[in-house]
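Spelled out, the chains give:
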Amino acid sequence: MKQYLLKLSNGDSLSRAEMRRAVRELFLEETKKSEIASFLSFLTMKGETVEEITGLVEVLREKAMPIKSSVSGVIDNCGTGGDGSQSFNISTTSAFVLAGAGVKVAKHGNRSISSKTGSADVLEHLGIALDFQPDEIENLLEEFNMAFLFAPHVHSGLKKIMNVRKELSIPTIFNLIGPLTNPIQLDSQLVGVYRRDKLETMGKVLHELGRSRAIILNGADYMDEASLAGENHLVLLENGKLTPFTITGEEVGLPYYPNSEIRGGNAKENAGILEQVLKGEKGSYLDTVLFNAGIALFAHGKASSINEGVKLARESICSGSAREKLQSLIRFSQEQRKQVM
């Protein structure tokens, strides 16, 4: 590690190949916690480059649970977290809307880190398993358009590095790369980031990782989700080209709500919000999901515009299709438990 630490401490960036070699060393038993802490700290102080983020993600995916899915057209709509908004589980709720609209979703997520309730917390409360195996994930995507990939389960080798990250108590490169480490090879992606200055950087990384189409967004008040509280900043990645643009909810027929209207709570409360949205109960929660799901459907290419995406999202909910995807995942999880017992 010494050569990489020296280079970073001098303010020099690592090449993609150097980053891959350095990250593989982080996984070695003999690598000290102090070396891992220094590596992450130096990267943060210097500022992470496209090559460094890409190299890190490539190794994390290489070390992850092997999932060789033959399913095509898969999207993920995971955000980085870290925006401090304490919102309900917007992207998790939206994932069921996407599945109900006929899109295959490999939802990558974790327990709460910076918010009250993470995606894993709310799904576990609803009765959904967090330990799906590769063949089950393939089956879920094929049959129900939706699978959940619990980050600590699919990245079990990261425990030591994650412990150091927690001890550091400062934002590091790992605060940015969670949505990028999905072990399934995605065709498209919606990535919410809490840092507006990283939109184009993340777009370039997604291109390097092979996404043919993606949207990276930072919402009003710097949320890592699209917000109805004002102007949202987005970058569209399409065939290697990055196109920045802005959008408000009013432009696609949705009302204004301040972000205080979409706050969530604990796992039980957020599970209740998720269920009421999928039942079509009107209000700020539903409209926020329609906005985010509409953007994701456009990112996927299922919709030719965000406006059309919002309409498809509404149909998915009103038809009961989105709610049926939730119920299917719960039933599948219950069957899984019976087989284990």
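Everything here concerns the structure above.
Quick caveat: nothing in here was measured; it's all calculated off a predicted structure.

A. Spatial organisation of the overall build of the protein. When you go through the protein residue by residue, the secondary structure sums to 15 helices and seven strands. In terms of C-alpha radius of gyration, the protein reaches 19 Å, essentially the compact-globule figure of 20 Å for 341 residues. Expressed as a percentage of its 341 residues, the buried residues of the protein come to 57%. Taking all contacts inside the protein whose residues are at least 6 apart in sequence as the whole, residues at least 24 apart take part in 74%. Just so you have it, the protein exposes about 14000 Å², and 47% of that area is on carbon and sulfur atoms.

B. Molecular detail of helix H4 (residues 50-63). With 14 residues, H4 extends 20 Å from end C-alpha to end C-alpha; this agrees with the ideal 20 Å at 1.5 Å per step. Of all the positions in H4, only Val50, Glu52, Ile53, Thr54, Gly55, Leu56, Val57, Val59 and Leu60 are classed as buried. On its buried face, H4 is in contact with helix H1 (2-9), helix H2 (16-26), helix H3 (33-46), helix H10 (174-177) and helix H11 (199-208).

C. Fine view of the nonpolar core. If you look at the biggest cluster of nonpolar residues, it comprises 76 residues, and the most contacted ones within it are Phe96, Ile184 and Ile295. The biggest single contributor to this core is helix H13 (residues 284-300), with 11 residues. If we ignore the near neighbours within four places in the chain, the residues touching Phe96 are Leu123, Ile128, Met146, Leu274, Leu278, Ser316, Ala322, Lys325, Leu326 and Leu329. Counting 40 residues, the second-largest nonpolar core is a separate cluster that includes Leu14, Val23, Leu158 and Ile216.

D. Looking closely at unusual backbone geometry. You will see that Gln86, though not glycine, has its phi angle at about 60 degrees, which is positive. When you line up the elements, Gln86 lands in the loop between strand E1 (74-76) and helix H5 (90-100). Taking relative accessible area as the criterion, Gln86 reaches 26% and is therefore assigned partly exposed. In this structure, Asn239 is a non-glycine residue whose phi angle is positive, near 55 degrees. Summarising the element assignment, Asn239 is placed in the loop between strand E6 (232-238) and strand E7 (241-247).

E. Representation of the environment of Glu52. Within the secondary structure layout, Glu52 lies in helix H4. Contact partners of Glu52, with chain neighbours within four places excluded, come to Leu8, Ser13, Leu14, Met19, Leu43, Lys46, Gly47 and Ile173.

F. Representation of helix H7 (residues 134-144) in the model. Those residues of H7 not exposed but buried are Glu136, Ile137, Glu138, Leu140, Leu141 and Phe144. Immediately downstream of H7, the backbone of Asn145 shows phi near 70 degrees, a positive value.

G. The pattern of salt bridges, seen in detail. Evaluated as defined, the whole model comprises 12 salt bridges. Arg16 is the partner of Glu208 in a salt bridge, and the nearest nitrogen-oxygen pair spans 2.6 Å. Of this pair, Glu208 sits in helix H11 while Arg16 is found in helix H2, placing the two residues 192 residues apart along the sequence. By relative accessible area, which is 22% here, Arg16 ends up partly exposed. With a shortest N-O distance of 2.6 Å, Glu324 and Arg331 are connected by a salt bridge. Its relative accessible area of 42% is what places Arg331 among the partly exposed residues.

H. Molecular detail of the packing of H2 against H3. As a packed pair, H2 and H3 sit with axes 10 Å apart at the nearest point and diverge in direction by 145 degrees. The way H2 lies across H3 gives a crossing that is left-handed. Along the contact surface, H2 presents Met19, Ala22 and Leu26, while H3 presents Ile36, Phe39 and Leu43.

Reading guide: rules and limits
- Residues numbered from 1 in each chain as written.
- Predicted model: local features only at pLDDT ≥ 70, side-chain atom pairs only at ≥ 80, totals over all residues.
- Heavy atoms only, no water.
- Helix = DSSP H or I, 4+ residues; strand = E, 2+ residues; numbered from the N terminus.
- Rg over C-alpha atoms; globule rule 2.2 N^0.38 Å.
- Buried < 20%, exposed > 50% of the residue type's maximum accessible area, 1.4 Å probe, protein only.
- Contact = heavy atoms within 4.5 Å.
- Areas by Shrake-Rupley, 256 points an atom, 1.4 Å probe, with all protein chains shown as cover.
- Expected span 1.5 Å × (residues − 1).
- Core = buried A, V, L, I, M, F, W, Y, C linked by side-chain atoms within 4.5 Å.
- Salt bridge = Lys/Arg side-chain N within 4 Å of Asp/Glu carboxyl O.
- Axes fitted to C-alpha atoms, helices over the stretch in contact; angles between N-to-C directions.
- Left-handed = near helix turned anticlockwise from the far one by under 90°.

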